[in-house]
Amino acid sequence: IFFSFAFPSKMGKGKKTVEEGTVKIAVRVRPFNKREKRANASLIIRMANLEGGAKTFVTDPDSNEERDFAYDFAFQSHSKEIQGIGPHATQDTVMETLGVPVLNTALEGKNICLFAYGQTGAGKSFSMLGKIAIPELQGIVPRVCNRIFEMIAENKDPNVKYSIEIQVIEIYCEMINDLLANRKNWPRRGHRPKLTPKDGYVAMTIRKPCNSFEEINKAIQFADKNRSVGSHALNPESSRAHTIYTIHYKKMTQTPGSKTKATISARMNLVDLAGSERTSSAGTSGQMLKEGNAINLSLTALGGCIKSLAEGKKAQFRTSKLTLMLQGSMTNGLVVMIAAVSPASICYPETVSTLRFADRVKTVKVKAVSNVTEDPVAEIKKEMAEMKARLEAEIVELQKQASGQSDGSMDEAEEAAMKAALQKEREEVERLKAEMEEMANQQIEEEDESDDAKAQRAYGIDREWSVAIRDMGKNSSLEEPNPHFANLHCDDRLSLSLVYPFEVGSTLIGKKDEVSPPKIEFNGLGIHKGHCIVERTEDGHVWLEARNGRSLVNGKAVQRVELKHNDRVWLGTAYAFLFKFPGKEAEGTIFPEDDEFDYLDAEEEISAQQQQKMGKGLEPKIAEKLSAAINSCKQANMIAMELGAVPRFTPKLSKVSYVGGDGLDVLVAVAYGGTVLLWPWEKFSARLTYMTDRWQEHDAAVQKNETLPPLAPLDDPFIDLEPQFIGEGHLVLSSLANMIDFETTVAVLGVNNVMQGQSVRFAVRICDVTLQED
């Protein structure tokens, strides 16, 4: 059943203003990252601010053809020095252009939906959150919150009170998780969205009351730690969760001598969408091809809703959890999209895909209704009554349709099926009505919550956080006096956010184990029970000893090694750390101040040796692709071993021209015992997505002592039933120019120029337009 409600624009007492406008679009381009620099990528983007808008120009690196896209704003944050690519934009520029209108709209009592879209690593999180510890690098979210509290501090009217609460959720694999709650208390299947009469569908997760920006910042840091822990269990680059930060703003003005209070309220949904990489259909089949993975389901559903809204049609928001959670904001409020793009030639397809999506979004028209009332409780009750009436009207309409069909033309089975469907829809409506009444009562309780009760609620949340943090990393790396591991993450914001200190003595690290519980518990990919031990001696040395799993230090496998400051440590295939030793910095590696070692460097380091064995002097683009293939194949092999799957994966350099050029390219050899298949890189990357999802399902089942049902062959990412590439042969057709029949044999050569099977015989005959031989 798909119920899609239009939320009323005039309810309750108070003045309601309605404005209609299109979604505002801003494109932002970042500097080259290390991976793009290593690949010698060229700059393909320039921008120009025009009267009444802006244009973004993108050059195709193959054809050199330039395309232009027109939007509301363009932020060139690539370089201050390069001329002709547009004026340079800082975080201040973005705040004044986008953040201030967002803030002013919220203060008027209108809802906000600001979402960032683009491929992984394009700079979405930097625009939304930035680096909170550095004021000039803060993103829109902390700056807007900061200004709200500055405004509150200036209030001197005793009759005016403010309420600010923050809520942070992630949507991963169609499950809603509470990033402000202890992960150990997360519901097994996530939180189910519930229908409210006023705000549409909401998740009943923690809403933390905040009285200062410092408390907002503390909430964001806790959410970041939760995100880091979740993505760390797998390769962080495989983390594909959408994150929604919701700021609940309320201003209450008490009328002297009266019980009524004018209330202005607004919700600011600030959405950091997961990477929008194009997923090639190569390598997907069966259910995988029909349904796609969860991230693409959400983004596809979002695109579908946007398309329907742009065409004035009814949008099916219930298609995914993401669209369901954004329904209220996308149909009532100001909607702003930041399209984050890479400047690099190697990311041209993803950049164009992002800009095309933005083209669809900019045509959507959204009404913004001000949430101003003198009696919030009465308004909620009236909204609930009106919503119930609309639900009943839905059923009446369905009954009319059923009566029209039940005219004797249906047989008994068809009529029984129609009645059963109608009964199911009646039951769903009754469930929604009961759920909505429950939510309305809860909203009324929230309206009546006293300041003391709210403070007590905030105190309880703080206590829960203090317990949860003991199971994560302690504090920041800069504040930890003991030698410690600090996590590395592909999102710079999340790097060094998890800290694991070492006291004098032995620290066991490994998977959950009832017999020998580890002091530091990791349950991610490639981690085993009793994985390794870190020993800190009294004379000031720290040793790492590998026990039951893969442990690397500075890119090399180790058995026992002394750790030095800034050593790079990998445990399993997913956990990357910097070892920090306060007070002994001079004994370790010193990184340049302007080139801090990061997650990409750590990946590069562990693939460098194998890369040298496979080929020296590779062009940067191929070397970078090979590096990614080496690390991805290690991850795929680890997943296959833990799931008991047969194939093993090895990267291969190929000169076969079918893969898209006359030079070298990267393939992946897939060995099934004595049989070896060759997958193009795109096919392997697509299937690795499903492998990682399957591993996470398996890991969750193991922790609950459950068994996953087996997948059908067409749905199994390790089984390949598609036509296979064996090799290629070249058939010369120059004789056709002289209209001469000919016969020839062609040798089929594989990747390593080894002949595959016997030669293939071809006969070419000259035909007329009717395909008859002359």
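## Some words on the nonpolar core
Proteins that are soluble and globular tend to have nonpolar side chains buried together.
Move 1: Among the nonpolar cores identified, the biggest contains 49 residues, and Leu98, Leu114, Ile166, Leu180, Ile216, Ile247 and Met268 are the most heavily contacted of them.
Move 2: Here this core gets seven residues from one element, more than from any other, and that element is helix 2 (residues 91-107).
Move 3: Apart from residues no more than four positions distant in its own chain, Leu114 is found in contact with Met128, Ile140, Asn269, Leu270, Val271, Val336 and Ile338.
Move 4: Among the nonpolar cores identified, the runner-up in size contains 44 residues, and Leu299, Phe317, Leu322 and Val361 belong to it.

## Some thoughts on helix 14 (residues 620-643)
Move 1: For helix 14, built from 24 residues, the straight-helix expectation of 34 Å at 1.5 Å per residue is met to within 8% by its first-to-last C-alpha distance of 35 Å.
Move 2: Judged by how many residues are buried, helix 14 sits mostly within the fold: 17 of 24 residues are covered.
Move 3: Looking at the residues trailing helix 14, positive phi occurs at Gly644, about 70°.

## Quick word on the packing of helix 2 against helix 4 (residues 140-154)
Move 1: Between helix 2 and helix 4, the least distance of the axes is 9 Å, while the angle of their chain directions is 55°. In this view, helix 2 runs oblique relative to helix 4, as classed from their interaxial angle. In this structure, helix 2 meets helix 4 at a crossing whose hand is right-handed. On helix 4, the residues that touch Gln91, Asp92, Val94, Met95, Glu96, Leu98, Gly99, Val100, Leu103 and Leu107 of helix 2 are Ile140, Arg143, Val144, Arg147, Ile148 and Met151.
Move 2: Considering only residue class, the contact of helix 2 with helix 4 consists of ten nonpolar, two polar and four charged.

## A short note on the packing of helix 14 against helix 15 (residues 681-703)
A pair of packed helices is characterised by two quantities: the angle between their axes and the separation of those axes.
Move 1: Between helix 14 and helix 15, whose axes approach to 10 Å, the crossing angle comes to 35°. Relative to helix 15, helix 14 is oriented so that their crossing is left-handed. In this structure, helix 14 contributes Lys625, Ala628, Ala629, Ser632, Cys633, Gln635, Ala636, Ile639, Glu642 and Leu643 to the contact, and helix 15 contributes Trp681, Glu682, Phe684, Leu688, Met691, Thr692, Arg694, Trp695 and His698.

## What to know about the sheet that holds strand 31 (residues 675-680)
Move 1: Here three strands make up an open sheet; going across it, the order is 29-30-31 and the pairing antiparallel. One side of each edge strand has no neighbouring strand; the edge strands of this open sheet are strand 29 (648-654) and strand 31. Direction aside, neighbouring strands of the sheet carry axes that sit 30° apart on average.
Move 2: Along the sheet face, helix 14 touches strand 29 and strand 30 (665-672) and points at about 165° away from the line of strand 29.

## Let's talk about the pairing of strand 7 (residues 112-117)
Move 1: Extensive coverage of strand 7 is indicated by the burial of six of its six residues.
Move 2: Along strand 7, one buried face is formed by Ile112, Leu114 and Ala116 and the opposite face, lined by Cys113, Phe115 and Tyr117, is buried too.
Move 3: Here six bridges tie strand 7 to strand 15 (residues 334-341), and the two strands are oriented parallel to one another. Directly across from Cys113, in strand 15, lies its bridge partner Val335.

## A few points about the packing of aromatic side chains
Move 1: This model, assessed by the stated rule, comprises 19 aromatic pairs.
Move 2: Ring centres of Phe591 and Phe597 lie 5.2 Å apart, and the angle between their planes is 20°; on these two criteria the pair is classed as stacked.
Move 3: Among the aromatic residues, those joined into a cluster by ring pairs are Phe485, Tyr500, Phe502, Phe522, Tyr575, Phe577, Phe579 and Phe581.
Move 4: Note that Arg46 overlies the ring of Phe57, its terminal NZ or CZ placed 3.8 Å from the centroid.

## Some points on the pattern of salt bridges
Move 1: Under the criterion given, the structure shown has 30 salt bridges.
Move 2: Across the pair Asp598 and Lys34 runs a salt bridge whose closest N-O atoms are separated by 3.7 Å. Of the two residues, Asp598 is situated in the loop between strand 28 (575-580) and helix 13 (599-614) and Lys34 in helix 1 (residues 34-38); the sequence distance between them amounts to 564 residues. As far as burial versus exposure is concerned, Asp598 and Lys34 are alike and both buried.
Move 3: A salt bridge links Glu108 to Lys110; its shortest N-O distance comes to 3.1 Å.
Move 4: The network of salt bridges with shared partners includes Lys34, Arg38, Asp598 and Asp601.

## Things to note about the sheet that holds strand 21 (residues 520-521)
Move 1: In spatial order, the strands read 21-20-22-23-26; together these five strands make up an open sheet with mixed pairing. The open sheet terminates on both sides in strands that have one partner only, identified here as strand 21 and strand 26 (560-562).
Move 2: Taken together, the two bridges between strand 20 (residues 505-510) and strand 21 define a ladder with parallel strand orientation. Bridging across to strand 21, Ile509 finds its partner in Ile520.

## Topic: the pairing of strand 2 (residues 24-29)
Move 1: Within strand 2, five of the six residues are buried, which leaves the element mostly enclosed by the surrounding structure.
Move 2: As judged from the six bridges shared by strand 2 and strand 15, these two strands associate in the parallel manner. Bridged to Val29 within strand 15 is Val341.
Move 3: Pairing geometry for strand 2 and strand 6 (residues 73-76), over four bridges, is parallel. Of the residues in strand 6, the one forming a bridge with Ala26 is Phe73.

What counts, and at which threshold
Residues numbered from 1 in each chain as written. Predicted model: local features only at pLDDT ≥ 70, side-chain atom pairs only at ≥ 80, totals over all residues. Heavy atoms only, no water. Core = buried A, V, L, I, M, F, W, Y, C linked by side-chain atoms within 4.5 Å. Buried < 20%, exposed > 50% of the residue type's maximum accessible area, 1.4 Å probe, protein only. Helix = DSSP H or I, 4+ residues; strand = E, 2+ residues; numbered from the N terminus. Contact = heavy atoms within 4.5 Å. Expected span 1.5 Å × (residues − 1). Axes fitted to C-alpha atoms, helices over the stretch in contact; angles between N-to-C directions. Parallel < 35°, antiparallel > 145°, perpendicular 65-115°, else oblique. Left-handed = near helix turned anticlockwise from the far one by under 90°. Nonpolar A, V, L, I, M, F, W, Y, C, P; charged D, E, K, R; others polar. Pairing = 2+ DSSP bridges. Phe/Tyr/Trp six-rings, centres within 6.5 Å; stacked < 30°, edge-to-face > 60°. Lys NZ or Arg CZ within 6 Å of the ring centre and 35° of its normal. Salt bridge = Lys/Arg side-chain N within 4 Å of Asp/Glu carboxyl O.

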